[in-house]
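# Close look at the chain arrangement
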Amino acid sequence: MNTLTYTYESILSDALKVNWKVSDLIGGDKRLDFYKPFLPDSLAGAQAIHCLSDREKLILNQIRGNSYLHLFGLAEEFILPMVIDQVRDNLLVDIYSTQALLRFAEEESKHIYLFQRFAEAFAIGFGSVPACIGPAHEIADAVLQHSTLGVALLTLHIEWMTQRHYLESVQGNRQEPLDPLFASLLRHHWMEEAQHAKLDTLIVETLVEQLSPLDIAQGVDDYFTLVHMLDGGLQAQVQLDIASLEAAIGRSLDAVDKAEIQARQIESYRWAFLGSGMTHPNVIQTFGKLNSTAQNQLLEWTLHFTKATFPQAA
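Here's a quick rundown of the structure. (Residues numbered from 1 in each chain as written. Predicted model: local features only at pLDDT ≥ 70, side-chain atom pairs only at ≥ 80, totals over all residues. Heavy atoms only, no water.)

## As for the overall build of the protein
The test is simple: In this description a helix means any DSSP run of H or I spanning at least four residues, a strand means any run of E spanning at least two, and both kinds are numbered starting from the N terminus. Based on C-alpha atoms, the radius of gyration is set beside the globule rule, defined as 2.2 Å times the residue count to the power 0.38. Note on exposure labels: buried denotes an accessible area under 20% of the residue type's maximum, exposed denotes more than 50%, and partly exposed covers the range between, all computed with a 1.4 Å probe on protein chains only. Here a residue-residue contact requires only that any non-hydrogen atoms of the pair lie within 4.5 Å.
When you go through the protein residue by residue, the secondary structure sums to twelve helices and zero strands. The helix and strand sequence of the protein, counted from the amino end, reads α-α-α-α-α-α-α-α-α-α-α-α. Its C-alpha atoms give the protein a radius of gyration of 19 Å, near enough to 20 Å, the size a compact globule of 314 residues would have. If you line up the protein on its principal axes, its C-alpha atoms span 60 × 45 × 35 Å. A buried classification covers 53% of the 314 residues belonging to the protein. Contacts in the protein between residues far apart in sequence, at least 24 positions, make up 85% of those at least 6 positions apart.

Pasting the structure below:
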């Protein structure tokens, strides 16, 4: 695979410049503002839903903000053990890779704790606990049953996806009055994921150098199996979100309204968690380096998940 412009040493140097604690971001007098949306609509997809009032769209946006961080927390439950395995495998190879990967693992653990604290604060301010898919450890166990390369490719997808979400939809967004605390959580998460995405790329390159063409092909197949699994989880989350919305707005939605919300939200979830990662230029580039068919497979799959625009409600 081609030589990249960054190394474990340079990534570690950048990581050491970022230093924040969970208590700096949430808790005490730092509270969520439930009069404001949490996610940009490019990620929440609520504004184009005709059957909901403005207040109900805001509530759905906040439910999506809760599930958004919950899903990242789920991902980090399987990313953490994958990274720890890489620490063990690299322990005697290079001191910079060991230190960079150890910091990676430490930061993933911190993110899990951050999202747990957020969930607690959300439940207090929202007045209820929206249901989310899980349990996290069971999903992590199911993911980790697949090949290391398959898990690493999914991790690569998720980490570059995080970069895209923040840079394209949150940073500099003056059109939407996002809750400053939620935006701060996204910014600080992004700051550390910027290093993680590069580390994921190096992890994939290292794995590929050690694998046979057959094993690489299996890793690619496992990635797409995991994408299919994730898509099923997202569709299940849509149903849970609709039930949480009904409970929060105090009314039952009829079949027509539910069908509209479901269609819009499946499209939104698929873009946010699948399409935006699979079409990231760095993900496409990495797949192009794996073998002659991996990139073509990726591009074919993205056709299902790349409806990134949401028409504005009339």
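Resuming the write-up.
## Describing the environment of Q262
Along the chain, Q262 falls in helix α10 (residues 255-278). For Q262, a relative accessible area of 31% corresponds to the partly exposed category. In the structure, Q262 is positioned 40 residues away from D222 in sequence and 28 Å away in space, judged by C-alpha atoms. The contact partners of Q262, leaving out residues within four places of it in the chain, are V238, Q239 and I242.

## Let's talk about the packing of aromatic side chains
Rule in force here: We call Phe, Tyr and Trp rings a pair once their centres come within 6.5 Å, taking the six-membered ring for Trp, and we label the pair stacked below 30 degrees between planes, edge-to-face above 60, and tilted otherwise.
Tallied over the entire structure, the rule returns 17 aromatic pairs. Relative to F122, the ring of F38 has its centre 6.1 Å away and its plane inclined at 75°; by these criteria the two rings are edge-to-face. Taken together, the residues span a long stretch of sequence, with F38 in the loop between α2 (22-25) and α3 (41-44) and F122 in helix α5 (residues 95-126) at a distance of 84 residues. Neither residue differs from the other here; F38 and F122 are each classed as buried. On the basis of an interplanar angle of 25° and a centroid distance of 4.8 Å, the ring pair of F122 and F126 is categorised as stacked. Of this pair, F122 and F126 both sit in helix α5, four residues apart, which is roughly one turn of that helix. We note that F122, like F126, is buried. Aromatic ring contacts, followed pair by pair, group F34, F38, F118, F122, F126 and F182 into a single cluster.

## Quick look at the nonpolar core
The condition that has to hold: Only buried residues count toward a nonpolar core, which is a set of Ala, Val, Leu, Ile, Met, Phe, Trp, Tyr and Cys residues joined through side-chain atoms within 4.5 Å.
Within the largest apolar cluster, 96 residues are counted, with the highest numbers of intra-cluster contacts made by F78, L153, Y223, L245, F273, F287 and L290. The element that contributes the greatest number of residues to this core is helix α4 (residues 54-90), accounting for 15 residues.

## Observations regarding the pattern of salt bridges
Which entries qualify depends on this criterion: Salt bridge, as applied in this entry: a Lys or Arg side-chain nitrogen positioned within 4 Å of an Asp or Glu carboxyl oxygen.
Tallied over the entire structure, the rule returns ten salt bridges. A salt bridge links K17 to D14, with the nearest nitrogen and oxygen atoms 3.5 Å apart. A residue is classified by how much of its surface remains accessible, and D14, at 29% relative accessible area, is partly exposed. Between R270 and D231 there is a salt bridge; the shortest N-O distance is 2.8 Å.

## Side note on the side chain of D179
Short version of the rule: When charges are counted, Lys and Arg contribute as positive and Asp and Glu as negative, whereas His and the chain ends are disregarded. We call two N or O atoms a polar contact when they sit within 3.5 Å, provided that within protein one can donate a hydrogen and the other can accept it, with sequence-adjacent residues counted only if both atoms are side-chain atoms.
Tracing the sequence through the fold places D179 in the loop between α7 (148-170) and α8 (180-210). The buried charged residue D179 lacks any salt bridge, with K36 as its nearest oppositely charged partner at 6.1 Å. Among the polar contacts listed, one links the side chain of D179 to the backbone nitrogen of F182, at a separation of 3.2 Å. For D179, the residues in contact, after removing those within four places along its chain, are L32, D33, K36, P37 and F38.

## Some points on the packing of helix α9 (residues 213-249) against α10
Here is the rule we go by: Every angle, taken between N-to-C directions, lies between 0 and 180 degrees, and every axis is a line fitted to C-alpha atoms, over only the stretch in contact when it is a helix. Each crossing is labelled by how the near helix is turned from the far one, with a counterclockwise turn of less than a right angle marking it left-handed and a clockwise turn marking it right-handed. All amino acids are sorted into three groups, where Ala, Val, Leu, Ile, Met, Phe, Trp, Tyr, Cys and Pro are nonpolar, Asp, Glu, Lys and Arg are charged, and the leftover types, Gly among them, are polar.
Two numbers describe how α9 lies on α10: the axes approach to 9 Å, and their chain directions differ by 145°. As for the relative orientation of α9 and α10, their crossing is right-handed in sense. Grouping the constituent residues of the contact of α9 with α10 by class yields 14 nonpolar, five polar and five charged.

## Points about the packing of α5 against α8
To describe two helices that pack against each other, one gives the angle between their axes and the distance between the axes. Test applied: Oblique is the label for any angle not under 35 degrees, not over 145, and not in the 65 to 115 range, which are roughly parallel, roughly antiparallel and roughly perpendicular in turn.
Close contact between α5 and α8 brings their axes to 10 Å; oriented N to C, the two are set at 150°. Viewed along their axes, α5 and α8 adopt a mutual orientation that is roughly antiparallel. You can see that α5 and α8 cross each other, and the crossing is left-handed. Two secondary-structure elements touch here, α5 through A100, L101, F104, E107, E108, K110, H111, L114, F115 and F118 and α8 through F182, L185, H189, E192, E193, H196, L199, D200 and I203. Here the contact of α5 with α8 is built from residues that sort into ten nonpolar, three polar and six charged.

## Describing helix α12 (residues 294-302)
What counts, and what does not: In this description, one arc is meant: the one made by directions from the helix axis to the C-beta atoms.
When α12 is considered as a whole, its buried residues turn out to be A294, L298 and T302. Angularly, the buried residues of α12 cover 75° about the axis, an arc narrow enough to put them on a single face. Looking at the buried residues of α12, the elements they touch are α9, α10 and α11 (281-290).

## Some remarks on the environment of H196
Within the secondary structure, H196 sits in helix α8. Along the backbone, H196 and L60 are 136 residues apart, and their C-alpha atoms lie at a distance of 30 Å. Setting aside chain neighbours within four positions, we find H196 in contact with F104, E107, E108, H111 and E159. Polar contacts involving the side chain of H196 include one to the side chain of E108, which spans 2.8 Å.

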